[in-house]
Number of protein chains: 2
Amino acid sequence: MGTTQLETVPEPKYWHLRTVLSDALDSEFGVGEVLPNERELAARFGVARATLRQALEQLELEGRLQRRRGVGTTVAPPRIGLDVGPAHDSWGGLADDSWQTDGSEDVTPPASVVRLLATSPSAVVHAVRRTRLNHGQPVATELLYVPAATVPAAAGPGEGLDDVARAQLVLRELRRLELEGQDRAVELGSAQADDARQLDRLPGAPVLVVTTRYFAQGRTAAVGVSTYRADTCRLTFGESDPVALVAS
Amino acid sequence: MGTTQLETVPEPKYWHLRTVLSDALDSEFGVGEVLPNERELAARFGVARATLRQALEQLELEGRLQRRRGVGTTVAPPRIGLDVGPAHDSWGGLADDSWQTDGSEDVTPPASVVRLLATSPSAVVHAVRRTRLNHGQPVATELLYVPAATVPAAAGPGEGLDDVARAQLVLRELRRLELEGQDRAVELGSAQADDARQLDRLPGAPVLVVTTRYFAQGRTAAVGVSTYRADTCRLTFGESDPVALVAS
DNA sequence: CAGTGGTCTAGACCACTAC
DNA sequence: TAGTGGTCTAGACCACTGG
C-alpha cells in the first residue's frame, strides 16, 4: 500500500536518470551553472559513468545541457529562434546580414543536389560557402550551389578574384534575378568533420539540415544546404500576418 | 612517401567505422536487406561491440539504418517527405486526411504552450490528440491545444460525447473560424514514453518537434505540437509557385 | 599541471522476436 | 528456445582546457 509505483515495465536507468536530472535542472540550477563532474554524478546516483553519460547525452540533445571537454557540463540557455522562412525578403537569407560570406569554389555537387538542380551529374557549379552568426557565434554553415548557367556574368573574370570576392560576385548576380518561388525541407543529420569544426562541435553532433530550392527563370536557379546546430537552435518559419500579433 | 594520410588528429574509431559502413551501404546493400548482427560486425572490424554500436547509432540517426530488437539491423529506405507547410488549405493539416483523430481531453497545458496561447497558467484548454499516418504507419503524433474561448460551442455538450466525437467537434468548430495567419518552429527533441510507444520507437528516440501557432479572431486561437520521427521523416515546407516547377 | 569530458574495452544480463 | 538488439558495469586511456 505504501508503494507509489508498481513498475510493471521498469524503465531504463538512464531514462529515469534523465527525468531526475531534468527536474533538478528546472528547480536547482540556473543558466550557465556548472554541474558536478561525471564521475561524481555517477557515484552520487550509484550508476556507472557510461549510464550517467547516456542520460546527459539525452539532455544535451534536448538543448538542456552543454558539455565541453576539459571544461565541464553547464546548464544551457534556451534555444535561439532563427528565422529560415521566406518572410524577410524575396531571396530568403541571401541578403541578410546575419550571414557571413566565406568563399567560393567550383565543384561537382553531391548526387542529392544534382537531382534538385537537374543539371548533368558532372556539371561544375559555383559553391558559395557561408556562415550564419548569432551574437558572434557561428550557428550554421551553408553551401549554396549556383549553376554557372544561372549567373553567366560570374563565369568570366574567374581568375583575377580571390575566394571571397568571387562568392560575393555570384551572390550579387543571383540577387539580380527575379525570384519566382522557393521550397524548403528540414531533416536531422550529423555534422561532418568540417562542419563540426566550424560549429565548434564534435563530429557526429546532431544538426538540422535545411535544403532550400530557389526558382527563377522558370527553373531551379540555386540550391542551398544549410546546417544548423540542433542543440542550440530552433528554426522558425514566419508566415503569419503580423497584424494578428499586434491586435487583441 | 607512400603514406596517403598523416593523421595529425586521428579521428575516433567509431567515426571511421561509420564512414566505412556508410560506403558499404551505398555499394553492397539494398533497401530492406539485413546486416550481420552486432557481435559479428564488431568481431569483423576488430572493435568492441559498444564501439560498433556507436557507429550504427550515427547511421540510424541519419536515417540510413533501422534497428529492431529481436529482429536485426536493416537498411532503411529513403526518408519520407512530409508536408508541414501552409500550402494545402488555410488551416494547415487540420482538414487533411493523413491525420487520424484519436481523442480529446481537457488539460492545463505545459508552460511553453501557455506562453504561446497567452492564457492563464491554470486555464483548462481542449487538447486534441491526433496521429499522422503514412501508408498505414504512424509517423507523427500531435497535441492540438484549443482554448475553450476559441470554440465556445464545444464546451456545452461535454458529457454526452465520447473521446473521439468530442475531438471532432472541437476541430469542426475550429475550422469555422477565419484563419488570419500561422507560425511554425522546428526543433530537435527526444520522444517521451507515450510518444515513443505510438511511433514504435524506444524512449529517447530523436524526434522533430513542430510547434504551430494558429491566429484567428485577432489572437492565438490554437497551438499545435507535432512530434515527427526524425529517423524516417523529412519535413517539407512548400512555398513555391507551382508554375515554376512545370516550366522549362 | 590537475581536472574535465571523450573514447574504448570485455564482459554480463535483459527484453523482445520469431520459429 | 535461439538469436537479436538494448542496457549496464568497472575499469582504462586519451584529448583538451585552464590555471
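Residues numbered from 1 in each chain as written. Chains lettered and ligands numbered in written order. Predicted model: local features only at pLDDT ≥ 70, side-chain atom pairs only at ≥ 80, totals over all residues. Heavy atoms only, no water.

1. Concerning the packing of helix H2 (residues 38-45) of chain A against helix H3 (residues 49-61) of chain A
All names here are of chain A.
Argument step 1. Interhelical geometry of H2 versus H3 gives an angle of 105 degrees and a closest axis separation of 9 Å. Compared by their axis directions, H2 and H3 come out roughly perpendicular. Here Glu 38, Arg 39, Leu 41 and Ala 42 of H2 lie close against H3, whose contacting residues are Arg 49, Leu 52, Arg 53 and Leu 56.
Argument step 2. Here the residues of the contact of H2 with H3 are counted per class, giving 4 nonpolar, no polar and 4 charged. (Axes fitted to C-alpha atoms, helices over the stretch in contact; angles between N-to-C directions. Helix = DSSP H or I, 4+ residues; strand = E, 2+ residues; numbered from the N terminus. Parallel < 35°, antiparallel > 145°, perpendicular 65-115°, else oblique. Contact = heavy atoms within 4.5 Å. Nonpolar A, V, L, I, M, F, W, Y, C, P; charged D, E, K, R; others polar.)

2. Details of the protein's contact with DNA strand D
Argument step 1. Neighbouring residues of DNA strand D: 26 residues in total, closest Lys 13 and Thr 51 of chain A together with Asn 37, Arg 49 and Arg 53 of chain B.
Argument step 2. Protein-proximal atoms of DNA strand D, defined as those within 4 Å of the protein, fall in sugar or phosphate at a share of 67%.
Argument step 3. Contact between DNA strand D and Arg 67 of chain B: a phosphate oxygen at 3.4 Å from a side-chain N or O atom of the residue.
Argument step 4. Sorting the residues of the surface near DNA strand D by element identifies helix H1 (13-28) and H3 of chain A together with helix H2 (38-45), helix H3 (49-61), strand E1 (65-68) and strand E2 (72-75) of chain B as the ones contributing at least two each.
Argument step 5. Counting residues per element, the surface near DNA strand D draws most heavily on H3 of chain A, which supplies 4 residues. (Near = heavy atom within 4 Å. Polar contact = N/O pair within 3.5 Å; in protein donor to acceptor, adjacent residues only side chain to side chain.)

3. Looking at the protein's contact with DNA strand C
Argument step 1. DNA strand C sits among 26 residues. The nearest are Arg 49 and Arg 53 of chain A together with Lys 13, Ala 48 and Thr 51 of chain B.
Argument step 2. Counting only the atoms of DNA strand C that lie within 4 Å of the protein, the sugar and phosphate share comes to 66%.
Argument step 3. Between DNA strand C and Thr 73 of chain A, the relevant distance is 3.1 Å, taken from a phosphate oxygen to a side-chain nitrogen or oxygen of the residue.
Argument step 4. The separation between a sugar or linking oxygen of DNA strand C and a polar side-chain atom of Arg 69 of chain B is 3.4 Å.
Argument step 5. Per element, the largest residue contribution to the surface near DNA strand C is 4 residues, and it comes from H3 of chain B.
Argument step 6. The residue makeup of the surface near DNA strand C, split by class, is 8 nonpolar, 7 polar and 11 charged.

Purely geometric numbers; function is a separate question.
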